[in-house]
Amino acid sequence: MIKVSNLRKHFGTKAAVDGVSFGLEKGEILGFLGPNGAGKSTTMRIVTGFLPPTAGEVRIGQFDVEDHPVEAKRLIGYLPENAPCYSDMTVRGFLRFCGEARGLQGTALGGAVDRAIATCFLEPVVHQNIDTLSKGYRHRTCLAQAILHDPPVLVLDEPTDGLDPNQKHEVRALIRRMGRDKAIVFSTHILEEVEAVCTRAIIIDRGRIVANGTPEELKQRAPGAGAVVVRVAGARGSVLKAVLERLDGRAGVVVVEETPAVLRVLPNDSAEAHRIAGRIHEISIREKWMLEELRVEDGRLDDVFRSITLPDSAPRQEP
Amino acid sequence: MKGYLGSICSVAKRELAGTVSSPVAFVFVVIFLLLAAFFTFMIGGFFERGQASLLSFFGWHPWLYLFLVPAVGMRMWAEERRSGTIELLLTLPLTTWQAIFGKFAAYLVIIAAALLLTFPVWITVNFLGSPDNGVILAGYLGSLLLGASYLAVSSFTSSLTRNQVVSLILSVVICFFLILCGWPPVLNLLDRVLSPAVVEFVAAFSVMTHFESIQRGVLDIRDLAFFASLILFFLFATHAVLRARRAG
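Just so it is clear, the structure is predicted and the values come from calculations on it, not from any experiment. (Residues numbered from 1 in each chain as written. Chains lettered and ligands numbered in written order. Predicted model: local features only at pLDDT ≥ 70, side-chain atom pairs only at ≥ 80, totals over all residues. Heavy atoms only, no water.)

### Focus on the overall build of chain B
Cut-off, in case you're wondering: By definition, any uninterrupted DSSP run of H or I lasting at least four residues is a helix, any uninterrupted run of E lasting at least two residues is a strand, and each is numbered from the N terminus. For this measure, only C-alpha atoms enter the radius of gyration; the expected value for a globule follows 2.2 Å times N^0.38, where N is the number of residues. Residue burial is assigned from relative accessible area. The probe radius is 1.4 Å, only protein chains are included, and a residue is buried under 20% of its type maximum, exposed over 50%, and partly exposed in between. Contacts: residue pairs with any heavy atoms within 4.5 Å of one another. This count recognises Lys and Arg as positive and Asp and Glu as negative, with His and chain-terminal groups excluded. In this description, the location of a charge corresponds to atom NZ of lysine, CZ of arginine, CG of aspartate or CD of glutamate.
Across its full length, chain B holds 15 helices and zero strands. For a compact globule of 248 residues, the expected C-alpha radius of gyration is about 18 Å, and chain B comes in at 19 Å, within 12% of that figure. Every one of the 248 residues in chain B was classed for burial, and the buried ones make up 50%. At a minimum sequence separation of 6, the contacts of chain B that also span at least 24 residues come to 77%. Charge-centre separation for chain B: the mean point of 15 positive side chains lies 13 Å from the mean point of 11 negative side chains.

### Overview of the interface of chain A and chain B
Put simply, the rule is: Put simply, buried area is how much 1.4 Å-probe accessible surface two parts lose in total, over both of them, once they are put together. Definition used for salt bridges: Asp or Glu carboxyl oxygen within 4 Å of a side-chain nitrogen of Lys or Arg. Any pair of nitrogen or oxygen atoms within 3.5 Å is treated as a polar contact; in protein, a donor-acceptor pairing is required on top of that, and neighbouring residues in sequence qualify only through side-chain atoms on both sides. Throughout this entry, Asp, Glu, Lys and Arg are counted as charged residues, while Ala, Val, Leu, Ile, Met, Phe, Trp, Tyr, Cys and Pro are counted as nonpolar. The remaining residues, Gly among them, count as polar.
Taken together, the contact between chain A and chain B spans 28 residues of the former and 26 residues of the latter. Both sides together, the interface formed by chain A and chain B hides about 2400 Å², and carbon and sulfur atoms give 60% of it. Counting the surface chain A buries against chain B, the share from its top three residues, A:Phe50, A:Tyr86 and A:Asp88, is 27%. Linking chain A with chain B are four salt bridges. Residue A:Glu100 is joined to B:Lys13 by a salt bridge in which the shortest nitrogen-to-oxygen separation is 3.0 Å. At the boundary of chain A with chain B, the tally comes to eight residue pairs in polar contact (both at pLDDT 80 or more). For the side of chain A that touches chain B, the secondary structure elements donating two or more residues are strand E1 (2-11), helix H2 (69-74), helix H3 (91-101) and helix H5 (135-147) of chain A. Counting residues per element, the side of chain A that touches chain B draws most heavily on H3(A), at five residues. Taken together, the residues that form the side of chain A that touches chain B break down as 16 nonpolar, five polar and seven charged.

### Regarding the sheet that holds strand E5 (residues 63-64) of chain A
What holds strands together in a sheet is hydrogen bonding between their backbones, with the strands either parallel or antiparallel. Residues and elements named next belong to chain A. Heads up, the rule is: When DSSP finds at least two bridges between two strands, those strands are taken to pair. Note on geometry: axes are C-alpha line fits, over the in-contact stretch for helices, and angles between N-to-C directions span 0 to 180 degrees.
Taken in spatial order, the four strands line up as E2-E1-E4-E5 in an open sheet, and their pairing is antiparallel. Where the open sheet ends on each side, the last strands, each with one partner, are strand E2 (14-24) and E5. Bridging between E1 and E2 involves eight bridges; their strand directions are antiparallel. Its bridge partner being in E2, Val-4 is matched across the sheet by Phe-22. In this fold helix H1 (residues 40-47) packs onto E1, E2 and strand E4 (55-60), with an angle of close to 120 degrees to the strand it touches most, E1.

### A look at the confidence of the model for chain B
Detailed reading of predicted coordinates is not advised where the pLDDT is low. Heads up, the rule is: Scored between 0 and 100, pLDDT is the confidence that the predictor attaches to each residue.
In the predicted model, chain B carries a mean pLDDT of 89, and 99% of its residues have values of at least 70. Summarising per-element confidence for chain B, the mean pLDDT is lowest in helix H3 (residues 46-49) of chain B (74) and highest in helix H8 (residues 96-116) of chain B (95).

### A few points about the packing of helix H6 (residues 75-83) of chain B against helix H10 (residues 133-160) of chain B
Residues and elements named next belong to chain B. Threshold: Roughly parallel here means an angle under 35 degrees, roughly antiparallel means over 145, roughly perpendicular means 65 to 115, and every remaining angle is called oblique. Note: crossing handedness is left-handed where the near helix turns anticlockwise from the far helix by less than a right angle, and right-handed where it turns clockwise.
Across the interface, H6 lies against H10 with an axial gap of 7 Å and an inter-helix angle of 20 degrees. By the criterion of interaxial angle, the relationship of H6 to H10 is roughly parallel. The chirality of how H6 crosses H10 is right-handed. Contacts between H6 and H10 involve Arg-75, Met-76, Trp-77, Ala-78 and Arg-81 from the former and Leu-151, Ser-155, Ser-158 and Ser-159 from the latter.

### Thoughts on the sheet that holds strand E7 (residues 153-157) of chain A
All names here are of chain A. Spatial ordering of the open sheet is given by E6-E7-E8-E3-E9-E10, a layout of six strands whose pairing is mixed. The sheet is open, and its two edges are formed by strand E6 (76-79) and strand E10 (208-213), each paired on a single side. Averaged over neighbouring strand pairs, the angle between their axes works out to 15 degrees when direction is ignored. As paired elements, strand E9 (residues 200-205) and E10 share five bridges and run antiparallel to each other. From the neighbouring strand, Ala-201 faces E10, where its bridge partner is Gly-213.

### Comments concerning the nonpolar core
How we decide: In this description, a nonpolar core means a group of buried Ala, Val, Leu, Ile, Met, Phe, Trp, Tyr and Cys residues linked to one another through side-chain atoms lying within 4.5 Å.
Counting 141 residues, the largest nonpolar core has A:Ile2, A:Ile60, A:Phe94, A:Leu156, B:Phe28, B:Tyr150 and B:Val207 as the members making the most contacts within it. Top contributing element to this core by residue count: H10(B), with eleven residues. Aside from chain neighbours lying at most four places away, what touches B:Phe28 is B:Leu68, B:Val69, B:Val72, B:Ile110, B:Ile111 and B:Ala114. If you look at the next biggest cluster of nonpolar residues, it comprises 18 residues, including A:Val232, A:Val243, A:Leu247 and A:Val253.

### Regarding a nonpolar patch on the surface
Here is the rule we go by: Put simply, a patch holds well-exposed residues, over 30% relative accessible area, that have no salt bridge, with like charges counted together within 9 Å and Val, Leu, Ile, Met, Phe, Trp or Tyr side chains within 5 Å. To measure how exposed things are, a 1.4 Å probe is used in the Shrake-Rupley method; for residues, cover is taken only from the protein chains shown.
A cluster of nonpolar side chains, B:Phe26, B:Val27, B:Val30, B:Ile31, B:Leu34 and B:Leu35, forms an exposed patch at the surface whose accessible area comes to about 510 Å². Within the element layout of this structure, B:Val30 appears in helix H2 (residues 23-43).

This is the structure:
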């Protein structure tokens, strides 16, 4: 549904987006991650046809966004960053305008507006002016606008920003539900959100894609992913270390604590982690260890994120 | 084609609703009517002239519009940009031209409404004498064209900035220039230093020359073409600015 090839966008001499490519089909939910200023919003603005790219192309369905902007935009629902709304309108008036501008009329328009209001839990405020709304309601009003015309493609820039935990949960559930038959791209800073919602995640840094895969695949890339932690009562760490170092497929054994013995066994390959854990279990039975804990550490997306993106303050390398 | 106009209409409707619900449109219409009446009757010498014409009424319009139209039009794009809604507007399935025409039409409706509400002046002059109503109709048309031209200028200056005050000042200056370059005192001054051909060239750019010739009831195609091209030029400039702003 979405095909982005080799997208570039320069503002003056600064490259905001520098060769981004990805594709997305219906039924997929793509999480867009990256530090502030990495080019997430710029990419989304280009995908939705708001900004023209400096180079590269974006296709929505069969339409090129630059050559057939109106047809392409018809297929997209877009929630811009900070959820801008016409603050001088009522919620219903605003949604009716968006529907009309998208060519809905009469009962189809009324039905679509009612559906969007129900989906985004806006019933209590439909007749209120948007500038009197709380941030959460305003955000959901803008989200309602994006899903109003039941578009096959949704582009959501930080859809859960500024919502309270309950609202966040609702919006995530909504995205998951809609993701069954739509192609959805959304950006976020919240990594747990990616694990909870996405079928695929892209990490973007300084305008380039630095990681692209399922959340599970990305977690494997975390430093320390797949380490096997062993804790044995009444034993000494150094003694255990000598035994565990004889295991095949281990990259290293680290004693975390001497007594009670806590060790981390790092596998050569994180896919081997569970086999190694099994082997340690066998050894512990044979050696009559009082095994108190034996687990495979999951990589954390946080760690992946930190290890492959640079903080804002780091010097930029010139391309 | 119906879809094309439909999108323009929905943009215009929204803009109109937004302007009417805020005090902007109301203030514009009321102030316009009050000032128009004041200048026509108190300063223009409507009664003293002893003529059944609305020259003393229309003659003030270029000056009334000079401040009022930029004040109404200044929010046209500046507000969209400031609040970020421009991102919503321009990602709707409509072209930039449709958005520009829609907004332009909405504010033109407000100016037209203000003009229509001056009908008591027309009734008065018809009650007191027997004016040439054809000339008066031409006067209204000329006034609307003039308002539309200032509006197109405001649309352009509003697209340049996210600050409404900057837009206001810029458009007042441009509109003031468009008046001045055809105003007799200025032309007399230029006449002394420049050759007549140059003076005529400068005067041709003035809204005053064309406005006044329409006021005399002469609907010359050249005057109409002047206003049409002035409006289109500034709307085109708006389009160019909106495009360039996004191109980065």
